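Working through the structure, step by step
Okay, here's what each chain looks like letter by letter:
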Amino acid sequence: MNEHTTEPQTPVNPASVAGSTEGPAALRQLTDVVLDALADGAVERGGPLPAGGPDTVAADVRAACSPLLPAEGVGAEDALRGLVQAVARGAADPSDPHCVAHLHCPPLAVAAAADLAASALNPSMDSWDQAPAAGVLEEEVTKSLARLVYPGPEETPDALITSGGTESNLVALLLARERARAAGERTVQVVCGANAHHSVQRAAWMLGLPTPAVVDCPAGRMDPRALDRVLGAYAGMPVLVVATAGTTDEGLIDPLPELADVAQRHGAELHVDAAYGGPLLFSDALAPRLTGIERAVSVTFDLHKLGWQPVAAGILAVRDEAHVGHLSFQADYLNADDDTEAGLPDWLGRSIRTSRRPDALKIAVTLRALGRKGLGDLVEHCVRTAQDFAAAVEAHPELRVRAGEPGISTVLFRPRAADALPAAEGDALVAAVRRRLLDDGRGVVGRAVAEDPETDTGERKLWLKATLLHPRTGAVDLAALLKLVAHCAAEESGTAAPQEPVPVPPQPTDRLRTRTQGVPQ
(Lines give C-alpha, C1' and ligand atoms only; values in the text may rest on other atoms or scores of the structure.)
Protein backbone atom coordinates (compact mmCIF):
# COMPACT_ATOMS: atom_id res chain seq x y z
CA MET A 1 0.00 0.00 0.00
CA ASN A 2 1.07 3.59 -0.58
CA GLU A 3 2.10 5.64 2.41
CA HIS A 4 -0.14 8.68 2.78
CA THR A 5 1.18 11.34 5.11
CA THR A 6 -1.60 13.91 5.00
CA GLU A 7 -2.95 15.19 8.30
CA PRO A 8 -6.15 13.54 9.56
CA GLN A 9 -9.22 15.49 8.52
CA THR A 10 -12.75 15.68 9.80
CA PRO A 11 -14.78 13.04 7.96
CA VAL A 12 -16.96 14.38 5.16
CA ASN A 13 -20.68 14.10 5.72
CA PRO A 14 -21.74 11.55 3.09
CA ALA A 15 -24.83 13.67 2.46
CA SER A 16 -22.71 16.69 1.43
CA VAL A 17 -23.39 18.02 -2.05
CA ALA A 18 -20.63 18.50 -4.62
CA GLY A 19 -21.56 21.90 -6.04
CA SER A 20 -22.18 25.48 -4.94
CA THR A 21 -19.52 27.33 -2.93
CA GLU A 22 -19.15 24.76 -0.16
CA GLY A 23 -19.17 21.56 -2.22
CA PRO A 24 -15.64 21.79 -3.63
CA ALA A 25 -14.08 21.55 -0.15
CA ALA A 26 -15.81 18.26 0.53
CA LEU A 27 -15.09 17.09 -3.00
CA ARG A 28 -11.40 17.95 -2.68
CA GLN A 29 -11.10 15.86 0.47
CA LEU A 30 -12.95 12.93 -1.05
CA THR A 31 -11.01 13.21 -4.32
CA ASP A 32 -7.80 12.65 -2.36
CA VAL A 33 -9.31 9.43 -1.03
CA VAL A 34 -10.28 8.37 -4.54
CA LEU A 35 -6.85 9.10 -6.01
CA ASP A 36 -5.10 7.16 -3.25
CA ALA A 37 -7.49 4.24 -3.76
CA LEU A 38 -6.87 4.28 -7.51
CA ALA A 39 -3.10 4.22 -6.98
CA ASP A 40 -3.27 1.45 -4.37
CA GLY A 41 -5.61 -0.63 -6.51
CA ALA A 42 -3.29 -0.36 -9.51
CA VAL A 43 -0.34 -1.51 -7.40
CA GLU A 44 -2.31 -4.46 -6.08
CA ARG A 45 -3.45 -5.42 -9.56
CA GLY A 46 0.12 -5.29 -10.81
CA GLY A 47 -0.70 -5.46 -14.52
CA PRO A 48 -3.27 -4.75 -17.20
CA LEU A 49 -5.87 -7.12 -15.74
CA PRO A 50 -6.45 -8.85 -12.40
CA ALA A 51 -5.12 -12.38 -12.28
CA GLY A 52 -7.35 -15.34 -11.57
CA GLY A 53 -10.22 -14.87 -14.00
CA PRO A 54 -13.89 -14.00 -13.50
CA ASP A 55 -14.54 -16.00 -10.32
CA THR A 56 -11.57 -14.49 -8.49
CA VAL A 57 -12.51 -10.94 -9.45
CA ALA A 58 -16.18 -11.47 -8.57
CA ALA A 59 -15.28 -12.83 -5.14
CA ASP A 60 -13.03 -9.87 -4.40
CA VAL A 61 -15.61 -7.28 -5.45
CA ARG A 62 -18.40 -8.95 -3.51
CA ALA A 63 -16.24 -9.13 -0.42
CA ALA A 64 -15.50 -5.40 -0.69
CA CYS A 65 -19.12 -4.32 -1.14
CA SER A 66 -20.88 -6.67 1.25
CA PRO A 67 -23.31 -5.65 2.59
CA LEU A 68 -24.01 -3.21 -0.21
CA LEU A 69 -26.98 -1.66 1.59
CA PRO A 70 -26.11 -1.82 5.30
CA ALA A 71 -28.57 -0.72 7.96
CA GLU A 72 -26.09 2.03 8.92
CA GLY A 73 -23.67 3.56 6.44
CA VAL A 74 -19.90 3.17 6.78
CA GLY A 75 -19.17 6.81 5.89
CA ALA A 76 -18.01 8.50 2.71
CA GLU A 77 -14.29 7.86 3.09
CA ASP A 78 -14.57 4.15 3.90
CA ALA A 79 -17.12 3.55 1.16
CA LEU A 80 -14.98 5.29 -1.42
CA ARG A 81 -11.71 3.78 -0.30
CA GLY A 82 -13.03 0.23 -0.18
CA LEU A 83 -15.04 0.17 -3.39
CA VAL A 84 -12.82 2.34 -5.59
CA GLN A 85 -9.78 0.33 -4.56
CA ALA A 86 -11.61 -2.95 -5.24
CA VAL A 87 -12.76 -1.80 -8.67
CA ALA A 88 -9.28 -0.47 -9.52
CA ARG A 89 -7.74 -3.71 -8.29
CA GLY A 90 -10.09 -5.63 -10.57
CA ALA A 91 -10.00 -3.29 -13.55
CA ALA A 92 -8.90 -3.82 -17.12
CA ASP A 93 -6.55 -0.85 -17.33
CA PRO A 94 -6.32 0.69 -20.82
CA SER A 95 -3.44 2.84 -19.60
CA ASP A 96 -1.29 -0.30 -19.29
CA PRO A 97 0.76 -0.96 -22.46
CA HIS A 98 -0.36 -4.61 -22.43
CA CYS A 99 -4.08 -3.75 -22.54
CA VAL A 100 -4.70 -3.73 -26.30
CA ALA A 101 -7.78 -5.88 -26.94
CA HIS A 102 -10.43 -3.34 -27.85
CA LEU A 103 -11.23 0.18 -29.01
CA HIS A 104 -10.89 1.04 -25.33
CA CYS A 105 -8.67 4.06 -24.85
CA PRO A 106 -6.79 5.37 -21.82
CA PRO A 107 -8.55 8.66 -21.02
CA LEU A 108 -6.38 11.75 -20.79
CA ALA A 109 -6.02 13.15 -17.29
CA VAL A 110 -7.25 16.55 -18.48
CA ALA A 111 -10.44 14.95 -19.84
CA ALA A 112 -11.01 12.96 -16.65
CA ALA A 113 -10.55 16.11 -14.58
CA ALA A 114 -13.10 17.93 -16.73
CA ASP A 115 -15.48 15.01 -16.30
CA LEU A 116 -15.20 15.45 -12.53
CA ALA A 117 -16.37 19.04 -12.95
CA ALA A 118 -19.24 17.86 -15.14
CA SER A 119 -20.33 15.42 -12.43
CA ALA A 120 -20.12 18.06 -9.72
CA LEU A 121 -22.12 20.64 -11.67
CA ASN A 122 -24.49 17.98 -12.99
CA PRO A 123 -26.18 19.92 -15.81
CA SER A 124 -28.88 18.03 -17.65
CA MET A 125 -28.73 18.94 -21.30
CA ASP A 126 -32.46 18.84 -22.09
CA SER A 127 -33.39 22.41 -21.19
CA TRP A 128 -31.73 25.83 -20.81
CA ASP A 129 -32.76 26.21 -17.17
CA GLN A 130 -30.76 23.06 -16.29
CA ALA A 131 -27.66 23.78 -18.36
CA PRO A 132 -27.36 27.43 -19.37
CA ALA A 133 -23.59 27.52 -19.85
CA ALA A 134 -23.07 23.85 -20.71
CA GLY A 135 -25.62 24.14 -23.49
CA VAL A 136 -23.74 27.00 -25.10
CA LEU A 137 -20.49 25.04 -24.82
CA GLU A 138 -22.15 22.05 -26.49
CA GLU A 139 -23.26 24.27 -29.37
CA GLU A 140 -19.67 25.43 -29.88
CA VAL A 141 -18.27 21.89 -29.67
CA THR A 142 -20.75 20.48 -32.16
CA LYS A 143 -20.24 23.41 -34.52
CA SER A 144 -16.46 22.89 -34.50
CA LEU A 145 -16.62 19.13 -34.96
CA ALA A 146 -19.22 19.41 -37.73
CA ARG A 147 -16.83 21.73 -39.58
CA LEU A 148 -14.03 19.20 -39.11
CA VAL A 149 -16.07 16.70 -41.13
CA TYR A 150 -17.68 19.15 -43.55
CA PRO A 151 -15.20 22.01 -44.10
CA GLY A 152 -16.67 23.26 -47.38
CA PRO A 153 -17.78 26.93 -47.24
CA GLU A 154 -21.04 26.06 -49.00
CA GLU A 155 -22.00 23.50 -46.34
CA THR A 156 -24.29 24.19 -43.39
CA PRO A 157 -23.37 21.25 -41.13
CA ASP A 158 -24.32 20.41 -37.58
CA ALA A 159 -23.46 17.68 -35.10
CA LEU A 160 -25.03 15.95 -32.13
CA ILE A 161 -23.31 14.54 -29.07
CA THR A 162 -24.25 10.92 -28.47
CA SER A 163 -23.33 8.05 -26.19
CA GLY A 164 -21.22 6.48 -28.94
CA GLY A 165 -21.29 4.80 -32.31
CA THR A 166 -24.33 2.65 -31.56
CA GLU A 167 -26.52 5.67 -30.77
CA SER A 168 -25.01 7.69 -33.61
CA ASN A 169 -25.81 4.99 -36.14
CA LEU A 170 -29.31 4.62 -34.70
CA VAL A 171 -29.96 8.34 -35.06
CA ALA A 172 -28.46 8.39 -38.57
CA LEU A 173 -30.91 5.69 -39.68
CA LEU A 174 -33.74 7.44 -37.85
CA LEU A 175 -33.04 10.70 -39.69
CA ALA A 176 -32.87 8.84 -43.00
CA ARG A 177 -36.26 7.26 -42.30
CA GLU A 178 -37.77 10.62 -41.44
CA ARG A 179 -36.35 12.22 -44.61
CA ALA A 180 -37.95 9.42 -46.62
CA ARG A 181 -41.29 9.89 -44.88
CA ALA A 182 -41.14 13.64 -45.42
CA ALA A 183 -40.75 12.87 -49.14
CA GLY A 184 -43.88 10.75 -49.09
CA GLU A 185 -42.18 7.36 -48.81
CA ARG A 186 -43.04 4.74 -46.22
CA THR A 187 -39.53 3.72 -45.20
CA VAL A 188 -35.88 3.57 -46.24
CA GLN A 189 -33.82 0.57 -47.28
CA VAL A 190 -30.45 0.27 -45.55
CA VAL A 191 -27.57 -1.26 -47.51
CA CYS A 192 -24.37 -2.02 -45.59
CA GLY A 193 -21.23 -4.05 -45.97
CA ALA A 194 -20.64 -7.45 -44.44
CA ASN A 195 -17.98 -5.58 -42.46
CA ALA A 196 -20.49 -3.17 -40.87
CA HIS A 197 -20.74 -2.80 -37.13
CA HIS A 198 -23.53 -4.85 -35.57
CA SER A 199 -25.25 -1.64 -34.45
CA VAL A 200 -26.41 -1.00 -38.04
CA GLN A 201 -28.45 -4.20 -38.14
CA ARG A 202 -29.76 -3.56 -34.63
CA ALA A 203 -30.75 0.02 -35.47
CA ALA A 204 -32.74 -1.14 -38.49
CA TRP A 205 -34.52 -3.69 -36.30
CA MET A 206 -35.29 -1.15 -33.58
CA LEU A 207 -36.65 1.36 -36.09
CA GLY A 208 -38.84 -1.16 -37.87
CA LEU A 209 -36.90 -0.82 -41.13
CA PRO A 210 -36.52 -3.61 -43.68
CA THR A 211 -33.65 -6.00 -42.99
CA PRO A 212 -30.49 -4.34 -44.35
CA ALA A 213 -29.12 -5.66 -47.61
CA VAL A 214 -25.54 -6.84 -47.15
CA VAL A 215 -22.79 -6.16 -49.68
CA ASP A 216 -19.76 -8.39 -50.13
CA CYS A 217 -16.53 -7.15 -48.59
CA PRO A 218 -13.59 -9.03 -50.14
CA ALA A 219 -10.43 -8.47 -48.10
CA GLY A 220 -12.55 -6.70 -45.47
CA ARG A 221 -13.65 -3.65 -47.52
CA MET A 222 -16.94 -2.98 -49.28
CA ASP A 223 -16.71 -3.73 -53.00
CA PRO A 224 -18.07 -0.81 -55.12
CA ARG A 225 -19.02 -3.20 -57.94
CA ALA A 226 -20.96 -5.39 -55.53
CA LEU A 227 -22.68 -2.28 -54.14
CA ASP A 228 -23.63 -1.29 -57.67
CA ARG A 229 -25.29 -4.68 -58.23
CA VAL A 230 -27.17 -4.53 -54.90
CA LEU A 231 -28.46 -0.99 -55.48
CA GLY A 232 -29.79 -2.04 -58.86
CA ALA A 233 -32.43 -4.08 -57.05
CA TYR A 234 -33.79 -1.02 -55.22
CA ALA A 235 -34.34 1.38 -58.11
CA GLY A 236 -36.82 4.10 -57.23
CA MET A 237 -36.67 3.39 -53.47
CA PRO A 238 -35.08 5.57 -50.78
CA VAL A 239 -31.79 3.88 -49.87
CA LEU A 240 -29.16 4.66 -47.25
CA VAL A 241 -25.77 3.11 -47.92
CA VAL A 242 -23.72 2.64 -44.75
CA ALA A 243 -19.96 2.54 -45.32
CA THR A 244 -17.33 1.96 -42.65
CA ALA A 245 -14.17 3.96 -41.96
CA GLY A 246 -12.35 1.80 -39.45
CA THR A 247 -13.77 -1.70 -39.04
CA THR A 248 -13.86 -3.08 -35.51
CA ASP A 249 -11.89 -6.23 -36.29
CA GLU A 250 -9.27 -4.92 -38.69
CA GLY A 251 -9.41 -1.10 -38.73
CA LEU A 252 -10.01 -1.09 -42.49
CA ILE A 253 -11.50 1.87 -44.37
CA ASP A 254 -13.97 1.32 -47.18
CA PRO A 255 -13.18 3.02 -50.54
CA LEU A 256 -15.27 6.07 -49.74
CA PRO A 257 -14.93 8.07 -53.01
CA GLU A 258 -15.91 5.07 -55.14
CA LEU A 259 -18.81 4.17 -52.86
CA ALA A 260 -20.01 7.78 -52.90
CA ASP A 261 -19.93 7.72 -56.72
CA VAL A 262 -21.98 4.51 -56.86
CA ALA A 263 -24.50 5.79 -54.32
CA GLN A 264 -24.89 9.08 -56.19
CA ARG A 265 -25.40 7.29 -59.50
CA HIS A 266 -28.28 5.32 -57.98
CA GLY A 267 -29.78 8.29 -56.13
CA ALA A 268 -28.93 6.75 -52.74
CA GLU A 269 -27.68 8.58 -49.67
CA LEU A 270 -24.42 7.68 -47.95
CA HIS A 271 -23.76 7.43 -44.20
CA VAL A 272 -20.23 6.70 -42.97
CA ASP A 273 -19.66 4.92 -39.68
CA ALA A 274 -16.26 6.37 -38.77
CA ALA A 275 -16.53 5.68 -35.04
CA TYR A 276 -12.94 4.41 -35.15
CA GLY A 277 -11.43 6.32 -38.06
CA GLY A 278 -13.11 9.72 -37.76
CA PRO A 279 -10.38 11.30 -35.59
CA LEU A 280 -7.90 10.81 -38.45
CA LEU A 281 -9.36 14.15 -39.56
CA PHE A 282 -7.38 15.87 -36.80
CA SER A 283 -4.17 14.99 -38.67
CA ASP A 284 -3.24 16.72 -41.91
CA ALA A 285 -1.11 13.71 -42.81
CA LEU A 286 -3.82 11.10 -42.16
CA ALA A 287 -7.00 12.96 -43.13
CA PRO A 288 -6.57 12.01 -46.84
CA ARG A 289 -7.34 8.42 -45.85
CA LEU A 290 -10.91 9.64 -45.33
CA THR A 291 -11.26 11.47 -48.65
CA GLY A 292 -14.88 11.20 -49.70
CA ILE A 293 -16.29 11.28 -46.18
CA GLU A 294 -17.51 14.84 -46.79
CA ARG A 295 -19.91 13.46 -49.41
CA ALA A 296 -21.84 11.52 -46.80
CA VAL A 297 -25.16 12.84 -45.56
CA SER A 298 -24.09 11.89 -42.02
CA VAL A 299 -20.97 10.64 -40.24
CA THR A 300 -20.51 8.77 -36.98
CA PHE A 301 -17.29 9.20 -35.02
CA ASP A 302 -16.25 8.61 -31.45
CA LEU A 303 -13.87 10.53 -29.23
CA HIS A 304 -13.71 7.78 -26.61
CA LYS A 305 -11.53 5.83 -29.04
CA LEU A 306 -8.90 7.91 -30.87
CA GLY A 307 -9.88 10.97 -28.85
CA TRP A 308 -8.92 9.72 -25.39
CA GLN A 309 -12.13 10.75 -23.66
CA PRO A 310 -13.79 8.92 -20.78
CA VAL A 311 -16.82 7.04 -22.05
CA ALA A 312 -19.08 8.36 -23.44
CA ALA A 313 -18.12 10.82 -26.16
CA GLY A 314 -19.86 10.04 -29.43
CA ILE A 315 -20.57 12.40 -32.32
CA LEU A 316 -23.01 12.31 -35.22
CA ALA A 317 -22.22 14.96 -37.82
CA VAL A 318 -24.77 15.85 -40.50
CA ARG A 319 -24.07 17.72 -43.72
CA ASP A 320 -27.29 19.76 -43.58
CA GLU A 321 -28.29 21.25 -40.25
CA ALA A 322 -31.95 21.12 -41.30
CA HIS A 323 -31.87 17.33 -40.94
CA VAL A 324 -31.58 17.66 -37.16
CA GLY A 325 -35.03 19.24 -37.16
CA HIS A 326 -36.54 15.76 -37.47
CA LEU A 327 -35.66 15.25 -33.79
CA SER A 328 -37.71 18.23 -32.64
CA PHE A 329 -40.23 17.52 -29.91
CA GLN A 330 -42.24 19.69 -27.57
CA ALA A 331 -42.70 18.95 -23.88
CA ASP A 332 -44.23 21.86 -22.03
CA TYR A 333 -42.13 21.50 -18.89
CA LEU A 334 -38.91 21.64 -20.92
CA ASN A 335 -39.53 23.78 -23.99
CA ALA A 336 -42.92 25.47 -23.80
CA ASP A 337 -43.76 27.44 -26.93
CA ASP A 338 -44.02 30.75 -25.08
CA ASP A 339 -40.63 30.19 -23.41
CA THR A 340 -39.05 29.49 -26.79
CA GLU A 341 -40.73 32.57 -28.28
CA ALA A 342 -39.40 34.60 -25.35
CA GLY A 343 -35.84 33.60 -26.23
CA LEU A 344 -35.07 30.52 -24.11
CA PRO A 345 -33.07 28.05 -26.22
CA ASP A 346 -34.77 24.77 -27.11
CA TRP A 347 -32.30 21.92 -26.57
CA LEU A 348 -34.68 18.98 -26.29
CA GLY A 349 -34.30 18.22 -29.98
CA ARG A 350 -30.54 17.84 -29.73
CA SER A 351 -30.80 14.17 -28.74
CA ILE A 352 -33.10 11.17 -28.62
CA ARG A 353 -32.36 11.16 -24.89
CA THR A 354 -33.88 13.51 -22.34
CA SER A 355 -31.63 13.63 -19.26
CA ARG A 356 -28.02 13.43 -20.40
CA ARG A 357 -24.60 14.40 -19.15
CA PRO A 358 -22.66 17.46 -20.33
CA ASP A 359 -20.11 15.37 -22.24
CA ALA A 360 -19.27 18.48 -24.24
CA LEU A 361 -17.28 19.83 -21.29
CA LYS A 362 -14.55 17.19 -21.31
CA ILE A 363 -14.44 17.31 -25.12
CA ALA A 364 -14.14 21.10 -25.15
CA VAL A 365 -11.39 21.10 -22.53
CA THR A 366 -9.43 18.52 -24.51
CA LEU A 367 -9.85 20.40 -27.79
CA ARG A 368 -8.68 23.63 -26.14
CA ALA A 369 -5.80 21.95 -24.28
CA LEU A 370 -4.30 20.10 -27.24
CA GLY A 371 -5.63 21.89 -30.30
CA ARG A 372 -6.00 20.21 -33.65
CA LYS A 373 -2.26 19.73 -34.05
CA GLY A 374 -1.84 18.17 -30.62
CA LEU A 375 -4.67 15.72 -31.22
CA GLY A 376 -3.37 14.99 -34.70
CA ASP A 377 0.06 14.24 -33.28
CA LEU A 378 -1.44 11.70 -30.86
CA VAL A 379 -3.41 10.00 -33.63
CA GLU A 380 -0.28 9.83 -35.78
CA HIS A 381 1.64 8.34 -32.87
CA CYS A 382 -0.86 5.48 -32.56
CA VAL A 383 -0.75 4.80 -36.30
CA ARG A 384 3.08 4.73 -36.26
CA THR A 385 3.08 2.48 -33.21
CA ALA A 386 0.87 -0.01 -35.04
CA GLN A 387 3.25 -0.03 -38.00
CA ASP A 388 6.25 -0.53 -35.71
CA PHE A 389 4.43 -3.25 -33.77
CA ALA A 390 3.55 -5.08 -36.99
CA ALA A 391 7.22 -4.97 -38.02
CA ALA A 392 8.24 -6.34 -34.60
CA VAL A 393 5.77 -9.21 -34.92
CA GLU A 394 7.03 -10.03 -38.40
CA ALA A 395 10.61 -10.08 -37.13
CA HIS A 396 9.72 -12.47 -34.28
CA PRO A 397 10.61 -16.07 -35.16
CA GLU A 398 7.58 -17.55 -33.39
CA LEU A 399 4.88 -15.11 -34.50
CA ARG A 400 3.33 -14.07 -37.81
CA VAL A 401 1.62 -10.80 -38.65
CA ARG A 402 -1.35 -10.82 -41.01
CA ALA A 403 -0.06 -9.67 -44.39
CA GLY A 404 -0.76 -6.12 -45.44
CA GLU A 405 -0.64 -2.69 -43.84
CA PRO A 406 -2.16 -2.37 -40.36
CA GLY A 407 -5.68 -0.98 -40.39
CA ILE A 408 -5.44 2.45 -38.70
CA SER A 409 -3.91 1.23 -35.40
CA THR A 410 -5.00 -2.43 -35.42
CA VAL A 411 -2.60 -5.34 -35.93
CA LEU A 412 -3.66 -8.97 -36.38
CA PHE A 413 -1.13 -11.69 -35.66
CA ARG A 414 -0.92 -15.31 -34.51
CA PRO A 415 1.64 -17.84 -33.29
CA ARG A 416 3.40 -19.75 -36.05
CA ALA A 417 2.72 -22.86 -33.98
CA ALA A 418 -0.97 -22.42 -34.84
CA ASP A 419 -0.17 -22.56 -38.56
CA ALA A 420 1.51 -25.94 -38.10
CA LEU A 421 -1.77 -27.45 -36.85
CA PRO A 422 -4.98 -28.38 -38.66
CA ALA A 423 -7.21 -25.33 -39.07
CA ALA A 424 -9.56 -25.97 -36.14
CA GLU A 425 -6.74 -26.91 -33.80
CA GLY A 426 -4.72 -23.87 -34.85
CA ASP A 427 -7.64 -21.56 -34.07
CA ALA A 428 -8.13 -23.33 -30.74
CA LEU A 429 -4.48 -22.65 -29.88
CA VAL A 430 -4.91 -18.94 -30.67
CA ALA A 431 -7.99 -18.78 -28.41
CA ALA A 432 -6.18 -20.66 -25.64
CA VAL A 433 -3.23 -18.25 -25.72
CA ARG A 434 -5.56 -15.28 -25.37
CA ARG A 435 -7.45 -16.81 -22.44
CA ARG A 436 -4.18 -17.82 -20.76
CA LEU A 437 -2.97 -14.22 -20.85
CA LEU A 438 -6.30 -13.02 -19.44
CA ASP A 439 -6.32 -15.56 -16.64
CA ASP A 440 -2.76 -14.70 -15.66
CA GLY A 441 -3.50 -10.97 -15.79
CA ARG A 442 -0.46 -10.39 -18.01
CA GLY A 443 -2.03 -9.26 -21.26
CA VAL A 444 -5.37 -8.17 -22.67
CA VAL A 445 -5.31 -9.10 -26.34
CA GLY A 446 -8.32 -9.23 -28.63
CA ARG A 447 -9.46 -11.79 -31.18
CA ALA A 448 -10.75 -11.49 -34.72
CA VAL A 449 -11.64 -13.86 -37.53
CA ALA A 450 -10.24 -12.67 -40.86
CA GLU A 451 -8.97 -13.97 -44.17
CA ASP A 452 -5.39 -15.13 -44.36
CA PRO A 453 -3.92 -13.45 -47.46
CA GLU A 454 -1.03 -15.90 -47.45
CA THR A 455 -3.28 -18.84 -48.31
CA ASP A 456 -4.42 -19.55 -51.87
CA THR A 457 -8.07 -19.81 -50.84
CA GLY A 458 -8.21 -16.79 -48.52
CA GLU A 459 -9.00 -19.12 -45.64
CA ARG A 460 -10.55 -17.40 -42.63
CA LYS A 461 -8.60 -17.90 -39.43
CA LEU A 462 -8.65 -16.73 -35.84
CA TRP A 463 -6.08 -14.06 -35.08
CA LEU A 464 -4.91 -12.26 -32.00
CA LYS A 465 -5.71 -8.56 -32.23
CA ALA A 466 -3.79 -5.60 -30.85
CA THR A 467 -5.65 -2.29 -31.04
CA LEU A 468 -3.11 0.38 -30.18
CA LEU A 469 -4.73 3.50 -28.75
CA HIS A 470 -2.23 4.52 -26.08
CA PRO A 471 -1.00 8.05 -26.88
CA ARG A 472 2.43 7.48 -25.32
CA THR A 473 3.20 3.77 -25.62
CA GLY A 474 5.69 2.77 -28.31
CA ALA A 475 6.55 -0.53 -29.94
CA VAL A 476 9.46 -0.93 -27.52
CA ASP A 477 6.97 -0.97 -24.63
CA LEU A 478 5.11 -3.79 -26.36
CA ALA A 479 8.13 -6.08 -26.87
CA ALA A 480 7.42 -7.85 -23.57
CA LEU A 481 3.87 -8.57 -24.74
CA LEU A 482 5.21 -10.38 -27.80
CA LYS A 483 7.49 -12.42 -25.59
CA LEU A 484 4.54 -13.37 -23.39
CA VAL A 485 2.41 -14.37 -26.38
CA ALA A 486 5.19 -16.48 -27.85
CA HIS A 487 5.88 -18.19 -24.53
CA CYS A 488 2.19 -18.93 -23.88
CA ALA A 489 1.87 -20.36 -27.38
CA ALA A 490 4.87 -22.59 -26.82
CA GLU A 491 3.47 -23.83 -23.51
CA GLU A 492 -0.04 -24.38 -24.83
CA SER A 493 1.29 -26.26 -27.88
CA GLY A 494 3.76 -28.29 -25.82
CA THR A 495 6.82 -26.91 -27.61
CA ALA A 496 8.29 -24.80 -24.79
CA ALA A 497 11.93 -25.55 -24.05
CA PRO A 498 12.32 -26.98 -20.52
CA GLN A 499 15.08 -24.53 -19.67
CA GLU A 500 13.11 -21.50 -20.84
CA PRO A 501 12.26 -19.14 -17.98
CA VAL A 502 8.55 -18.76 -17.41
CA PRO A 503 7.36 -15.14 -17.19
CA VAL A 504 5.47 -14.67 -13.97
CA PRO A 505 2.89 -12.02 -13.13
CA PRO A 506 4.03 -9.26 -10.78
CA GLN A 507 3.81 -10.18 -7.12
CA PRO A 508 1.05 -7.70 -6.19
CA THR A 509 -1.52 -9.85 -8.04
CA ASP A 510 -0.72 -12.71 -5.67
CA ARG A 511 -2.29 -10.61 -2.93
CA LEU A 512 -5.54 -10.57 -4.89
CA ARG A 513 -5.51 -14.36 -5.12
CA THR A 514 -4.77 -14.73 -1.41
CA ARG A 515 -7.31 -12.19 -0.30
CA THR A 516 -10.17 -13.84 -2.19
CA GLN A 517 -9.51 -17.46 -1.31
CA GLY A 518 -12.40 -18.90 0.63
CA VAL A 519 -14.67 -15.89 0.10
CA PRO A 520 -18.28 -17.06 -0.31
CA GLN A 521 -19.72 -16.54 -3.79
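Residues numbered from 1 in each chain as written. Predicted model: local features only at pLDDT ≥ 70, side-chain atom pairs only at ≥ 80, totals over all residues. Heavy atoms only, no water.

The element strand β1 (residues 158–162) is largely enclosed, with a buried count of 5 among its 5 residues. Alternating positions in β1 separate into two faces, D158, L160 and T162 on one and A159 and I161 on the other, with burial throughout. As paired elements, β1 and strand β7 (residues 314–318) share 5 bridges and run antiparallel to each other. Following the sheet pairing, T162 is matched in β7 by G314. (Buried < 20%, exposed > 50% of the residue type's maximum accessible area, 1.4 Å probe, protein only. Helix = DSSP H or I, 4+ residues; strand = E, 2+ residues; numbered from the N terminus. Pairing = 2+ DSSP bridges.)

With that settled, the discussion passes to the pattern of salt bridges. Scanning the model with the defined rule gives 34 salt bridges in all. For R45, the salt bridge goes to D93, with nearest N and O atoms at 2.8 Å. Of the two residues, R45 is situated in helix α1 (residues 23–45) and D93 in the loop between α3 (76–89) and α4 (109–121); the sequence distance between them amounts to 48 residues. Residue R45 is classed as buried on the basis of its relative accessible area, which comes to 4%. A salt bridge links E138 to R356, with the nearest nitrogen and oxygen atoms 2.8 Å apart. You can see E138 sitting in helix α5 (residues 132–149) and its partner R356 sitting in the loop between α11 (337–341) and α12 (360–395), a full 218 residues away along the chain. An identical accessibility class is assigned to E138 and R356; each is buried. (Salt bridge = Lys/Arg side-chain N within 4 Å of Asp/Glu carboxyl O.)

Let's shift gears to the packing of helix α6 (residues 165–182) against helix α7 (residues 198–206). Close contact between α6 and α7 brings their axes to 9 Å; oriented N to C, the two are set at 45 degrees. Judged by the inter-axis angle, α6 sits oblique to α7. Regarding α6 and α7, the two cross each other, and that crossing is right-handed. Across from G165, T166, N169, L170 and L173 in α6, the residues of α7 making contact are S199, V200, A203, A204 and M206. When the residues that make up the contact of α6 with α7 are grouped by side-chain class, the tally is 6 nonpolar, 4 polar and no charged. (Axes fitted to C-alpha atoms, helices over the stretch in contact; angles between N-to-C directions. Parallel < 35°, antiparallel > 145°, perpendicular 65-115°, else oblique. Left-handed = near helix turned anticlockwise from the far one by under 90°. Contact = heavy atoms within 4.5 Å. Nonpolar A, V, L, I, M, F, W, Y, C, P; charged D, E, K, R; others polar.)

The first and last C-alpha atoms of α5 sit 27 Å apart over 18 residues, in line with the 26 Å expected at 1.5 Å per residue. Residues of α5 that are buried: A134, G135, E138, V141, T142, L145, A146, L148 and V149. Along the long axis of α5, the arc covered by the buried residues comes to 145 degrees, so they all point the same way. Tucked into the core, α5 has its buried residues touching β1, β6 (298–302), β7 and α12. (Expected span 1.5 Å × (residues − 1). Arc of directions from axis to C-beta.)

Here we take up the sheet that holds strand β2 (residues 189–193). Strand order in this open sheet of 7 strands is β1-β7-β6-β5-β4-β2-β3, and the pairing throughout is mixed. Sheet topology places β1 and β3 (213–215) at the edges, where each strand pairs with a single neighbour. If you compare each strand with its neighbour and ignore which way they point, the axes differ by 20 degrees on average. In this sheet, strand β5 (residues 269–273) lies alongside strand β4 (residues 239–244) in parallel orientation, the contact comprising 5 bridges. Its bridge partner lying in β5, V241 is registered against L270. With respect to the sheet, α5 is in contact with β1, β6 and β7, its orientation differing from that of β1 by roughly 115 degrees.

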